[in-house]
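As a plain string of letters, each chain reads:
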Amino acid sequence: MSTAMRFDGELAEIRFGCGLSPNHALATGPEDVLSQLAAPDLAAQAWPIPDFDGAMAEARAYISLRQEQREAVGTEAFEARNVALTEQRARLRDLRADWFRSRLLRCATSAQPFRERLTLFWADHFTAQGKVPALRYAASPYVESSIRPNVSGLFEDLLIAAVTGPLMLHYLDQHRSTGPNSPRAKRVSDRRGQDIGLNENLAREVLELHTLGVDGPYTQQDVRELAELFTGLGYSLKDGFTFRPGWAEPGAETVLGQSYGGDSAQLEPILNALRDLARHPATAQHISRKLAVHFVSDAPDRHLVAYMAARYQETGGDLLAVYAAMLDHPEAWQPQLANVKPPFSYLASACRALAIPPAALGGLSRGQINRFFLRPMQAMGQRWEFAGGPDGWAEADAAWITPQALAERIRWSMDVPARLLRTLPDPQQAADQALGARQDARLRFVVSAAETEREALGLILTSPAFQRR
Amino acid sequence: MPARTYSRRTFLARSGLIGCSLAASPLLTPVSFAAAPWDNRLVVIILRGGMDALDVIQPYGDPAYAGLRPSLAGGPGNGGLDLDGYFSLHPALAPLMPLWQAGELGFVHAVSTPYRNKRSHFDGQDLLEAGTPGLHQRRDGWLNRLLQVTPGVEARTAFAIGQGEMKLLQGPAPVSDWSPDAQLALSPQAERLASLMMEDDPLFHAALSEALDLARDGAPSPLGGEKRPAAHRRIADYAAQQLRQDSRIAAFSINGWDTHNRQSGALRRSLGRLSDTILTLQAGLGTAIWRKTTIVAMTEFGRTVRENGTGGTDHGTGGAMVLAGGAIAGGRVLGQWPGLDEAALFDRRDLMPTGDVRAYMGWILNAMAQTNRADIRDVIFPGVDLGRDPGIVRA
């Protein structure tokens, strides 16, 4: 172990937190970073987001207003009902902007930034999206209910919470999948002459993305059997998650050589299969590697990954122990910043470094949230809460630093922070706040040679030292 | 074909335009002087999500077809546009029928990459773009390797367009990468300082240099009108704009093919975008360049031959390629049709692939870029069995 590869408080904030902040003291050691997870969730209290049930209430309101509007087509009542529907639609958009703001403020102000990073990481690992208007805004409440409370427990609990989350069941089509020999399939076939059946989407992604990994020891047959086992998982807008025995494929299913279920359709065998998948050595490897890639380097040292995976297996997937192993390993502390911040983290870390007052962000209208944050993020390659697929956002640095994305990062840095600050900080002070010890002579020259304070600020935020972590 | 000895520079010099008024000439400002390695144009479109070949080029002549697709029924009786008495075209591609009649639209059916069994989008796309027999064998993409074996390539020769990653163009050969939405306007001083600051970080340095270059001459698109055209049209228009100049290759994606649910609506929308894209390219390229152009649309895999329980189809194996352009000998559905009997299917669920997309693509490169077969077999698509030349690009 090289002497340089040891704990460094600034590095802890940059690599495992949301970046440096003039308002917070540096972490003092790996235990200090981990202790953030044991403390009450202060950022969620300060910047609340409703749980998924709250979002469902809004979705129900939207659907019933839409129904009423449709029923009124051609009648005198139409105009008023159309206005009511339009208002609810606007309300959903406002809520989405509010929730984005809360998530930004949590990263920008939290004294427990490791929790924010883990929440972002696992929300991405378990990407779920609304595919219909009523649920298009539901991703933040899903993260609030299914992901955030589970980031430091057993992986199996996180897996179960995410996979049985209504938004995941919706996103990966599980709520429509029916056992081909289930009572429901027979009924539909008798009544309507239609054959309905399985949809493999969720089962495949659970194996490929959520647990074993694409190189894992599973076959198409395992996908099929797991899809049959999953039948019955569903949700309703009224009650949230439900298990629907009438949709379930009768009989036992064999996944990775293990038999689950049997005579009567029940939820427990499904949860048991998820628990077994969570504890599988291939999952230990996949999850450890993904964490190391995300937090340390696109090409993590194999000893680091092996060390984490060993802790994972010893503890049956205790995530806190896996994080402790990561923070304990010298490879996690290589001083060279290897990864690039994805757009959301980049913008949030800029707000944090410049200590943009929460009131300045709190006062932004929905239109300003779009103009200052959501649209720029999209131009940087990250459409908020809508990754390209269930595999989430890219980890590879090159995916984020393309010419057009970098152009947008520069444009944003030169423009938006200055709009959010009443007075611009002295450039050298801004450089100290944003970069700490990670300034070289060239950067100091650049800061001193800029023609305006605004450009100096923009250049600091676009320096590779600030864009990496 | 003899090596090109004729470049825009010599043309301009001979015609007397170079000289006293070089800087003032309106003809010179938007073009650079590079000579491209060949004259033909290639557009590669990746259809991400797995296009359902059976619903796009509908094998209504196959006796098993109707039974497999009760609600997603195709064929002339259900609105399909008859192509050749056996296959019909999805009605959402009706705007392309004039191209079919002119021999400028064609298809290859029942093809796939070597990817089998796991049916993952991400691996499927990785393999499609890597062009290798198996996963994780090469870090670069096959289209980048074409550039690697071609002398005289410059960054502008090939463009990856749009905001998504285009792995098929990634690799050591220089390529340009741009989105029609990007903008960058810096003061000269800020530009200099930003370059200085990023000099030691190769990733940032390369991206910045390219962004500055492209911002300098990325003239706004001539597409007028009050409303901004949809993203796919802007991409096609930008591609055409580059291909009219020194670029020879453009690659971009059209997403939205993962039709697990209610396929009829989703597929119609995606096909609409594909059809728009091809027609926007045709209009933007102009007749002379359109005649030299081959457009190839490919997807990571096909979908299950049977409908699933939710009015859609799941991930499958054999799929199809869509070919267009004035350079192709179209008006044909190429490929060897395996049939849809249960016994003829792959894994009793998917269309059996009878050809390799890499072989068809290899022959296209052979014809349009004069790439020799050894380079195609050994470098671009390692180990591909090229088989007989299907004659897609007109000689």
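Cut-offs used in this document
Residues numbered from 1 in each chain as written. Chains lettered and ligands numbered in written order. Predicted model: local features only at pLDDT ≥ 70, side-chain atom pairs only at ≥ 80, totals over all residues. Heavy atoms only, no water. Buried < 20%, exposed > 50% of the residue type's maximum accessible area, 1.4 Å probe, protein only. Helix = DSSP H or I, 4+ residues; strand = E, 2+ residues; numbered from the N terminus. Pairing = 2+ DSSP bridges. Contact = heavy atoms within 4.5 Å. Polar contact = N/O pair within 3.5 Å; in protein donor to acceptor, adjacent residues only side chain to side chain. Core = buried A, V, L, I, M, F, W, Y, C linked by side-chain atoms within 4.5 Å. Buried area = accessible area lost by both parts, 1.4 Å probe. Salt bridge = Lys/Arg side-chain N within 4 Å of Asp/Glu carboxyl O. Domains from an automatic or database assignment. 1 Å grid on protein atoms, 1.4 Å probe; cavity = no way out; pocket = protein on both sides within 12 Å on 5 of 7 lines; lining within 4 Å. Points joined across faces, edges and corners; volume = space filled by probe spheres on them. Nonpolar A, V, L, I, M, F, W, Y, C, P; charged D, E, K, R; others polar.

### Considering the pairing of strand β1 (residues 41-48) of chain B
Residue and element names in this part refer to chain B.
So, step 1. Taken across its eight residues, β1 has eight buried, putting it largely inside the fold.
So, step 2. Residues R41, V43, I45 and L47 point to one face of β1 and L42, V44, I46 and R48 to the other, with burial holding for every one of them.
So, step 3. In the sheet, β1 pairs with strand β9 (residues 293-299) via seven bridges, with the strands oriented parallel. Bridge pairing in β9 links V44 to V296.
So, step 4. Two elements, β1 and strand β8 (residues 249-255), share seven bridges in a ladder whose sense is parallel. For L42, the partnering residue across the bridge sits in β8 and is I249.

### Some points on helix α16 (residues 319-328) of chain A
Residue and element names in this part refer to chain A.
So, step 1. Counting buried residues in α16 gives seven out of ten residues, a clear majority hidden from the surface.
So, step 2. Of the positions making up α16, those classed as buried are L319, A321, V322, Y323, A325, M326 and L327.
So, step 3. On the buried face of α16, the contacting elements are α1 (9-16), α2 (30-38), α6 (113-125), α8 (155-163), α14 (281-295) and α15 (302-314).
So, step 4. Two or three places before L320, at the opening of α16, D318 has a side-chain oxygen 3.1 Å from that residue's backbone nitrogen.

### A few points about the nonpolar core
So, step 1. The biggest cluster of nonpolar side chains holds 120 residues, and the ones touching the most others in it are F373 of chain A together with L274 of chain B.
So, step 2. Ranked by residue count, the leading element in this core is helix α10 (residues 263-290) of chain B, at eight residues.
So, step 3. Residues within four places of L274 of chain B in sequence aside, it is in contact with I45, L47, I254, W257, A297 and V322 of chain B.

### With respect to the interface of chain A and chain B
So, step 1. Taken together, the 50 residues of chain A in the interface contact 44 residues of chain B.
So, step 2. The contact between chain A and chain B buries some 4000 Å² in all, and 59% of this surface belongs to carbon and sulfur atoms.
So, step 3. Considering only the side of chain A, the residues that lose the most area to chain B are P403, Q404 and R442 of chain A, jointly responsible for 16% of the buried surface there.
So, step 4. Where chain A meets chain B, there are four salt bridges.
So, step 5. Here R468 of chain A ties to D201 of chain B by a salt bridge, and the two come within 2.7 Å at their closest N and O atoms.
So, step 6. At the level of elements, α11 (201-210), α19 (366-379), α20 (397-400), α21 (403-420), α23 (441-449), α24 (453-462) and α25 (464-467) of chain A are the ones that each hand at least two residues to the side of chain A that touches chain B.
So, step 7. A total of seven residues in the side of chain A that touches chain B trace back to one element, the largest contributor, which is α21 of chain A.

### Examining the domain arrangement of chain B
Residues and elements named next belong to chain B.
So, step 1. Examined at the domain level, chain B breaks down into domain 1 (41-180 + 229-380) and domain 2 (183-220).
So, step 2. Each of domain 1 and domain 2 has a C-alpha centre, and these two points are 34 Å apart.
So, step 3. Taken together, the contacts link eight residues of domain 1 with six residues of domain 2.
So, step 4. Surface buried jointly by domain 1 and domain 2 totals about 580 Å² across both partners, of which 51% is contributed by carbon and sulfur atoms.

### Notes on the domain arrangement of chain A
So, step 1. You can read the domains of chain A as domain 1 (171-279) and domain 2 (343-467).
So, step 2. A separation of 44 Å is found between the C-alpha centroids of domain 1 of chain A and domain 2 of chain A.

### Here's the deal with empty space enclosed by the protein
Residues and elements named next belong to chain A.
So, step 1. Taken as a whole and assessed by the stated rule, the structure comprises twelve cavities of 30 Å³ or more.
So, step 2. The calculated volume of the largest cavity comes to roughly 400 Å³.
So, step 3. Taken together, the residues that form the lining of the largest cavity break down as 15 nonpolar, four polar and six charged.
So, step 4. Approximately 120 Å³ is the volume found for the second largest cavity.
So, step 5. What lines the second largest cavity is a set of 16 residues, among which L229, E249, G251, A265 and Q266 lie closest to the centre.
So, step 6. When contributions to the lining of the second largest cavity are tallied by element, the ones reaching two or more residues are α12 (220-230) and α13 (268-279).

### Section: the pattern of salt bridges
So, step 1. A complete count under the given rule lists 45 salt bridges over all chains for this structure.
So, step 2. With a closest N to O distance of 2.7 Å, D52 of chain B and R69 of chain B form a salt bridge. Here R69 of chain B lies in the loop between α3 (65-68) and β3 (81-82) and D52 of chain B lies in the loop between β1 and α2 (53-56), a separation of 17 residues in the sequence.
So, step 3. Take D52 of chain B: its relative accessible area is 0%, and that puts it in the buried class.
So, step 4. A network of salt bridges, in which partner residues are shared, links E200, R204, R224 and E228 of chain A together with R119, D347, R349 and D350 of chain B.

### Describing the sheet that holds strand β2 (residues 57-58) of chain B
So, step 1. Ordered by their spatial adjacency, three strands build an open sheet running β2-β4-β3 (chain B), and the pairing between neighbours is antiparallel. This sheet does not close on itself; its edge strands, each paired only once, are β2 and β3 of chain B.

### Quick look at the layout of surface pockets
So, step 1. Taken as a whole, the second largest pocket holds about 1100 Å³ of empty space.
So, step 2. What lines the second largest pocket is a set of 39 residues, and nearest its centre among them are I196 and G197 of chain A together with E307, N308 and G309 of chain B.
So, step 3. Those elements that place two or more of their residues in the lining of the second largest pocket are α10 (183-192) and α12 of chain A together with α3 of chain B.
So, step 4. Residue contributions to the lining of the second largest pocket peak at six residues, all from α10 of chain A.

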